[in-house]
Structure formats: structure tokens, C-alpha cells
Amino acid sequence: MVPLPPRPHRDDVLIALAGLLGGLLLWALGLHTRIAAPTLPAGNDAAWSLLPLAATAGAELLRRTWTGWALAVGTVALVADQFTVGSLATVIMYTDLVYAAVLYGPPARARRLPAATGLVTVAVTLAVLAWFRQPQALLVGVVVGVVSFGPATTGAMLRNHREAAAAARLRAEQTALLAEMDRVQAVTDERARMARELHDLVAGHLSAIAIHSTAALSLDDEATTRRALGVIRENSVDGLAEMRRLIEVLRAEGEPDAPSVPPTLDGLGTLVEQARANGLDVRRFTPPPAGPPLPAPVGLAAYRIVQESLTNALKHGAPGPVDAVLDRSEGTLTVRVRSPLGRDAGPRAPGSGAGLVGMRERAELLGGGFSAGPVGEAGPGGGRRWEVRAVLPLGEGHGRFPGAGSGPGDIDDEREG
């Protein structure tokens, strides 16, 4: 069963009414495209022209919804109109049906109909010229082209313009979406970077404060308490100074002379001495050998990795010697920090795991690798040790290095950062 056509568009109803009323007006005034139609009985020529007019007006109601049926009905009506005195309104409405079939019809019809009407125009022109053998016969081909090929070509051009405009709007929307995604990603990356910097700046100081305050509360010894309070005060002052510098950098963002002095490897000696003052037994510290200056991002990453490793050793490691070794060779800087593994003793200060994540992110952002976990080698105090190892490339084009990102444990959960 053929489904009923959808409700006609309001504009299609207005076009159909205008065409029907215009055709009736022409019929009432006696204005026809032909003087007489010899194939019909005399005296009924004008009345017969109203049937194709009504059929074409009805087809106009389907010009936007059922384009194929509308064009078929209009074609039959136009052919039937040629056997009457003819109506100019029927011809005009038929041109609109051809135009609508290309503009609103399926893509395949929109591609084929202009070519088909062009072939029909050429065929009719040649046939009429061969039949009458007079130059005036070319006018028939011109009329056929105006009625069929012209509207089809116009509809195809307008449809192409609409599709191009829709594609341009889609590309603009996609570009805006990608720009918004880039902005969100940039904000997310910046927040992650700020979180790493904030963690690295204050984690060590707060860990020392927590450990020494616990010692001061648990030991009833005045000298120990005074030493612990001294360490707490020193770390509090240093932590506030670091926080103040970070806030100044954030407030001055965008200014050409923004005060920003990131730490370098030259400050590792001071960092190690501070760790020793906080109670960490750093027995072996080997700075990188002399050579060309390191890239600033590499120096900052190495400094932060050593800083966080010493902080983790202070918070979670067992008592014992700690080794911090930096080696430069074959275009890479290798950072290795080992400390006693305090599995049984448990952490001496709470941790969230953010330190290990931040160290890995710093290494991977430079194209290097990172690993953290227990190793089987026994230290001077015996037992397994915890090793943090990072391999940082010193130039562009370096990828991951063998063993740098898949070492033992590879960010094991045994120790939180």
C-alpha cells in the first residue's frame, strides 16, 4: 500500500494556489498559448486546457516532498496541454517542478536530470528541424530548453551552492570544536604542570615538618625537641618562600619581565645538604660530570626528580644510606636514586602517589623514560632497596630508551609519592 504523502509545505500551497488562480485568470481572459487545438471538438478547446492546469497545480503541492511523483504528473499534464489551446500558467508551473525536482530530490536525480533534459532538448531540436526542414524549427528547441534544461541547471547550481555552504559551516563547526578541545587540553596541561610544581615545591618541606613534629611529640627530651623545632622552623620558612615565588610567577604571567628563576642542577648540593639536615643519610652524591650546559628543561626535570626521590626516601624509606647519582653519556642524562626499602616499617608520613606520577610525566614530556620500584641488590644495611631511575635525552629527536620506562616495578604501588 502506497503511503500517503506528507503534509505540503506552506510555500508549496501558496505556489499551487497562485498558479491555479493565474491560469484561471488567463482562461477567463481568453489568453492561450495556441489559437486552436484541432484534435479536440470545436468549442471545447478552452475548457479542456483547465484539466492540465489543475493537474499541474496539484503536482505543485508535492514539489518539495514527493519530487519524483510531482515531476511525473507535471510531465503528463504538460504533454496533455499541447493537445489543447494551452495555458501559460501550466508551462510556468512545470518549469518550477523541474527546478524543485533537482533542488529537493535525491542526489542521484539532481545529477542526472540536468543531463537528461539537455539531451531531450537536443533531440527535440534535431527531430523538429529534420521534420520541418525550416530554420524556424530551432525555436521549438529553444522553448524546450527554456522549459526543461534551464530550470534543471538552475536547480543544480543552487543545490551545489547550498551543499558547499553546508560543508563550509560543518568545517567551521569542526574547527571551532577542535579549537575548544585544544583550549581545554592546554588548560588541563597547565593545571597538571602547576600541580607538579606545587607538589615538588612543598612536599619535601611538609614531610620534614611532619616527621620532626612526630619525633618531638613522641620523645620526652628537651634537646631533641629543640632540634626538631629548629628543623620545623627552617622547613616552614623555606616552604613559604617557595610558595611565595610560585605565586609571584603565576600573578606575573604574561608580563615580559616576569620573575621566574627555576632551579638548576647547580642547586643539587644545597638540596642534598637540606635533606641531610632533615635527617636523611645521603652518603653518596655524584653530580653530573662537567660538560656543555644542559638544556633548561632537562636540568629542571632532573632537579625535581632528585628532590622528589629524596622526599620519598625521607617519608617512606627505612633508616639507612641513600645514594643519588647523575650520569651523563651518549646524549642522555641518567638520574638514579636508591634508598632502603621500608616495607615493614610503613610510611612515616602520608602520601598520595602524586610524586611518582609527576616524575614519570616530567621524564616522558622530554621524550625520556622513568621507572621506580624495588631492586634485588643489597645495600650496606642489607635487604632490598628502592630505586628511582630516569633517562632524559639532551636533544631533540630522542625517543624512549631501552629499559628506561620498563624497569623493575615501573611505578610500583609499594611506595607512594
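Starting afresh in each chain, residues are numbered from 1 along the sequence in its written order. Predicted model: local features are reported for residues with pLDDT of at least 70 only, side-chain atom pairs are reported and counted for 80 or more only, and whole-chain, interface and lining totals are derived from all residues. For the side-chain quantities, the full set of heavy atoms in the structure was used; hydrogens and water were omitted.

Chemist: Could you clarify how one ought to interpret the UniProt feature "transmembrane region" (unreviewed entry) in the protein chain in this entry?
Modeler: Here, the residues flagged by UniProt with the feature "transmembrane region" (unreviewed entry) are residues 113-132 and 137-158. Counting from the N terminus, the helices are the DSSP runs of H or I reaching at least four residues and the strands are the DSSP runs of E reaching at least two. Helix makes up 100% of residues 113-132 and strand makes up 0%, while its end C-alpha atoms are separated by 28 Å. UniProt positions are given in the numbering used here, feature names are shortened, and annotations may be inferred rather than shown by experiment.

Chemist: Hey, could you run me through a nonpolar patch on the surface in this one?
Modeler: Taken together, the side chains of Leu17, Leu21 and Leu24 define a hydrophobic patch exposed on the protein surface, amounting to about 280 Å² of accessible area. Considering the arrangement of structural elements, one finds Leu24 in helix 1 (residues 10-29). Exposure remark for Leu24: the relative accessible area of 35% places this residue in the partly exposed category. Here the term patch refers to residues with relative accessible area over 30% and no salt bridge, with like charges joined within 9 Å and nonpolar side chains (Val, Leu, Ile, Met, Phe, Trp, Tyr) within 5 Å. All accessible-area figures derive from a Shrake-Rupley calculation using a 1.4 Å probe, and residue coverage is judged against the displayed protein chains alone. By salt bridge we mean one thing: a side-chain nitrogen of Lys or Arg within 4 Å of a carboxyl oxygen of Asp or Glu. Exposure classes here rest on a 1.4 Å probe applied to the protein chains alone. A residue is buried below 20% of its type maximum, exposed above 50%, and partly exposed in between.

Chemist: Hey, could you run me through helix 1 in this one?
Modeler: Note that an α-helix has 3.6 residues per turn; residues three or four places apart therefore point the same way. One less than the number of residues in a helix, times 1.5 Å, gives the span that helix is expected to have. When the terminal C-alpha atoms of helix 1 are compared, their 29 Å separation across 20 residues agrees well with the 28 Å that a helix rising 1.5 Å per residue should span. Within the span of helix 1, buried status applies to Asp12, Ala16, Gly19 and Gly23. One side of helix 1 holds all its buried residues, which, seen down the axis, span an arc of 65°. Structural note: helix 1 exposes Arg10, Ala18, Leu21, Leu25, Ala28 and Leu29 on the side pointing more than 90 degrees away from its buried face. The first or second residue beyond helix 1 is Gly30, which carries a positive phi of 80°. Of all possible arcs, the one meant is that of the directions from the helix axis to the C-beta atoms.

Chemist: What exactly am I supposed to notice about the sheet that holds strand 1 (residues 282-286) here?
Modeler: Through backbone hydrogen bonds, the strands of a sheet pair up, either in parallel or in antiparallel fashion. The rule for pairing is simple: two strands pair if DSSP sees at least two bridges between them. Overall, mixed pairing links the five strands, which are arranged 1-2-3-5-4 in an open sheet. Single-partner strands in this sheet number two, and they are strand 1 and strand 4 (369-375). Adjacent strand axes in the sheet meet at a mean angle of 10° when their direction is disregarded. Sheet topology places strand 4 next to strand 5 (residues 385-393); seven bridges connect them, and they run antiparallel. Angles shown run from 0 to 180 degrees and are taken between the N-to-C directions of axes, each axis being a line fitted to C-alpha atoms and, for helices, limited to the stretch in contact.

Chemist: What is the right way to look at the packing of helix 4 (residues 67-81) against helix 5 (residues 88-104) in this model?
Modeler: Think of two packed helices as two axes; the pair is described by the angle between the axes and how far apart they sit. The N-to-C vectors of helix 4 and helix 5 enclose an angle of 155°; their axes lie 9 Å apart at closest approach. One element, helix 4, and the other, helix 5, form an angle in the roughly antiparallel class. Helix-helix and strand crossings are classified by hand; for helix 4 and helix 5 the assignment is left-handed. On helix 5, the residues touching Thr67, Ala70, Leu71, Gly74, Thr75, Leu78 and Asp81 of helix 4 are Thr90, Val91, Tyr94, Leu97, Val98, Ala100, Ala101 and Tyr104. By the convention adopted, Pro, Cys, Tyr, Trp, Phe, Met, Ile, Leu, Val and Ala count as nonpolar, Lys, Arg, Asp and Glu as charged, and the other residues, Gly among them, as polar. A per-class count over the contact of helix 4 with helix 5 returns 10 nonpolar, four polar and one charged. Roughly parallel here means an angle under 35 degrees, roughly antiparallel means over 145, roughly perpendicular means 65 to 115, and every remaining angle is called oblique. Left-handed is the label given to a crossing in which the near helix is rotated counterclockwise from the far helix by less than a right angle, and right-handed is the label when the rotation is clockwise. In this description, contact between two residues means that some pair of their heavy atoms is separated by no more than 4.5 Å.

Chemist: What is the right way to look at the pattern of salt bridges in this model?
Modeler: Pairing between side chains becomes possible if they bear opposite charge and their charged atoms approach one another. For the structure on display, the rule yields 12 salt bridges. Between Glu273 and Arg276 there is a salt bridge, and its shortest N-O distance comes to 2.8 Å. Of this pair, Glu273 and Arg276 both sit in helix 9 (residues 268-277), three residues apart, which is roughly one turn of that helix. The class of Arg276 is partly exposed, set by a relative accessible area of 32%. A salt bridge links Asp281 to Arg283, with the shortest nitrogen-to-oxygen separation between them at 2.7 Å. By relative accessible area, which is 28% here, Asp281 ends up partly exposed. Arg283 gets classed as exposed once you look at its relative accessible area, which sits at 57%. In the salt-bridge network here, residues are joined through shared partners; they are Asp12, Glu60, Arg63, Arg64 and Asp96.

Chemist: What should I look at first to understand helix 9 in this one?
Modeler: Buried within helix 9 are the following residues: Leu268, Leu271, Val272, Gln274 and Ala275. End-on, the buried residues of helix 9 take up no more than an arc of 160°, which puts them together on one face.

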